[in-house]
Amino acid sequence: MQKKLNPMQRFLAIRGIASVLTAFAGVIVLMIIFSILNPNFAKPNSLLTLARSVIPFLLVGIGQAYVCITGNIDLSIGSVLGMSAMISATMMCNGSHPVVAVLVAFLACMLTGFINGLLVGKFKLPPFIGTLGTMTIARGVAQLANGNYNTDNIGSEGAAQMFKDILYYGKTLGLYNGVWIGLIVWAIFFYLLTFTRSGRHIYAIGSNVDAARLSGVNVFATTTKAYMVSSFCAFLTGLIIMAQSGMGDMSAGTSYEMYAVAAAVIGGVSTLGGSGLLVGVIAGASVWAILQSGLTFANVPVAFRNIIIGLIVVACVLFDVLRRDSKKPVKKEKKQTSKAA
């Protein structure tokens, strides 16, 4: 007879919850350390700004988490972000209404996500190669959008200013609108991943793609959904970054592949597929943003900031690989008995 677990034991037994708790503990420790180093770090205005700075990392982390749970990776996420920013900004500067510009950027980003799903899910290209190709193509489209130049400012009146206020500068109930957008998007994708059949299929193909296929899971459709979620998150992040700067910058999205992977893996999402909780991505994105902001407050040079953050990402992935290896069953060698001559 199995012993009944109390609520706390059931909570701790959830797969991946230990990594999530560790990530949130890291957030608390970093907040304490940087608050001691610089008291201005914990002031209300600084915390509001910090919360807003978390959102781009959170959004791309959500997209990368979906893809990683399927056992794949999306290297195109930063370039899709840049493409979103450049297409929408160029169209606005040329007189298009923001709604039209956003719609065109959305369609371009979703097409990229579908192509990624087609290459990886249908034609079985290694995700590293497939998304590396679309990464280069999307960056090329971003560069061509305005003739290989950054755009002018989209404006500070009328629809353009409304666009910037809705996505970045405006506030609702004391929080920046960008924070609300990030939390709403997170809640939607958390529900889809945790409580729907599509979410279960995403975990299934990441755990064992052959077993999932035999049980009736459409691997191509599920992989494509994951990549389209990633592209949607990149699209939205591109709009937010463009609203922040007020212009289209051709370098927008550079290194965001790294930021996305970091937010996911620090939050406990396995790069080997099949496990990870979207709750952890909040902590992973927060760790990343706190490190960036805190190290800036502490006047740490950019080079050392990059080294510290890179080491943390490598350590998280290495820990995940070692943890997976330790759980693999040890194969017992069959003893062969030799026949007597």
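Quick caveat, the model's predicted, so the values are computed rather than measured. (Residues numbered from 1 in each chain as written. Predicted model: local features only at pLDDT ≥ 70, side-chain atom pairs only at ≥ 80, totals over all residues. Heavy atoms only, no water.)

K.L.:
Would you explain the overall build of the protein in this entry?
P.N.:
When you go through the protein residue by residue, the secondary structure sums to 14 helices and 2 strands. The C-alpha atoms of the protein give 22 Å as radius of gyration, which agrees with the globular expectation for 341 residues (20 Å, within 12%). Summarising its shape, the C-alpha atoms of the protein cover approximately 95 × 50 × 40 Å along the three principal directions. Looking at the protein residue by residue over its 341 residues, the buried ones come to 45%. In the protein, once contacts between residues fewer than 6 apart in sequence are set aside, the share between residues at least 24 apart is 77%. For the protein, the accessible area works out to roughly 17,600 Å², and carbon and sulfur atoms hold 67% of it. A gap of 18 Å separates the mean positions of the 25 positive and 10 negative side-chain charges of the protein. (Helix = DSSP H or I, 4+ residues; strand = E, 2+ residues; numbered from the N terminus. Rg over C-alpha atoms; globule rule 2.2 N^0.38 Å. Buried < 20%, exposed > 50% of the residue type's maximum accessible area, 1.4 Å probe, protein only. Contact = heavy atoms within 4.5 Å. Areas by Shrake-Rupley, 256 points an atom, 1.4 Å probe, with all protein chains shown as cover. Lys, Arg positive; Asp, Glu negative; His and termini not counted. Charge placed at Lys NZ, Arg CZ, Asp CG, Glu CD.)

K.L.:
Can you walk me through the nonpolar core in this structure?
P.N.:
Side chains of a nonpolar character, in soluble globular proteins, are inclined to be buried together. Membership of the largest hydrophobic core comes to 84 residues, with the highest contact counts inside it found for Leu58, Ile62, Tyr66, Phe163, Phe189, Leu278 and Trp288. Broken down by element, the residue count for this core peaks at 14 residues, all from helix α3 (residues 44-69). For leucine 278, the residues in contact, after removing those within four places along its chain, are Ile62, Ala65, Tyr66, Trp186, Phe189, Phe190 and Leu193. (Core = buried A, V, L, I, M, F, W, Y, C linked by side-chain atoms within 4.5 Å.)

K.L.:
Would you mind showing me how to read a nonpolar patch on the surface here?
P.N.:
A contiguous nonpolar surface patch, about 820 Å² in accessible area, is contributed by Leu173, Trp180, Leu183, Ile184, Ile188, Tyr191, Leu192 and Phe195. Structurally, the position occupied by leucine 173 is in the loop between β1 (171-172) and β2 (175-176). (Patch = residues over 30% accessible without salt bridge, like charges linked within 9 Å, V, L, I, M, F, W, Y side chains within 5 Å. Salt bridge = Lys/Arg side-chain N within 4 Å of Asp/Glu carboxyl O.)

K.L.:
When you look at helix α6 (residues 127-145) in this model, what are you seeing that I'm missing?
P.N.:
Think of an α-helix as 3.6 residues a turn; residues three or four steps apart then line up on the same face. Across its 19 residues, α6 extends 26 Å between first and last C-alpha, which sits within 8% of the 27 Å expected from 1.5 Å per residue. Within the span of α6, buried status applies to Gly130, Thr131, Thr134, Ala138, Arg139 and Ala142. Along the long axis of α6, the arc covered by the buried residues comes to 160°, so they all point the same way. Exposed residues lying more than 90 degrees from the buried face of α6 are Thr136, Ile137 and Leu144. The inward-facing, buried residues of α6 abut α4 (77-93), α5 (98-122) and α11 (219-245). Positive backbone phi, approximately 65°, marks glycine 147, located one or two places after α6. (Expected span 1.5 Å × (residues − 1). Arc of directions from axis to C-beta.)

K.L.:
Sorry if this is basic, but what is going on with the layout of surface pockets here?
P.N.:
Where empty space is left in the structure can be found by rolling a water-sized probe over the atoms. Taken as a whole, the second largest pocket encloses approximately 360 Å³ of empty space. Surrounding the second largest pocket, 13 residues form its lining, Ser53, Pro56, Phe57, Gln244 and Tyr256 being those nearest its centre. Looking at the lining of the second largest pocket, the elements that each hand over two or more residues are α3, α11, α12 (256-266) and α13 (278-297). Residue contributions to the lining of the second largest pocket peak at 5 residues, all from α3. Partitioned by chemical class, the residues of the lining of the second largest pocket number 7 nonpolar, 5 polar and 1 charged. (1 Å grid on protein atoms, 1.4 Å probe; cavity = no way out; pocket = protein on both sides within 12 Å on 5 of 7 lines; lining within 4 Å. Points joined across faces, edges and corners; volume = space filled by probe spheres on them. Nonpolar A, V, L, I, M, F, W, Y, C, P; charged D, E, K, R; others polar.)

K.L.:
Mind showing me how you'd approach the packing of helix α8 (residues 177-195) against α13 here?
P.N.:
Helix packing geometry: the angle between the two helix axes and the distance between the axes. For the pair α8 and α13, interaxial distance at closest approach is 9 Å and the crossing angle is 145°. Judged by residue contacts, Trp186, Phe189, Phe190 and Leu193 of α8 engage Leu278, Val279 and Ile282 from α13. Per-class residue counts for the contact of α8 with α13 are 7 nonpolar, no polar and no charged. (Axes fitted to C-alpha atoms, helices over the stretch in contact; angles between N-to-C directions.)

Read these as layout, nothing more, since geometry by itself doesn't imply function.
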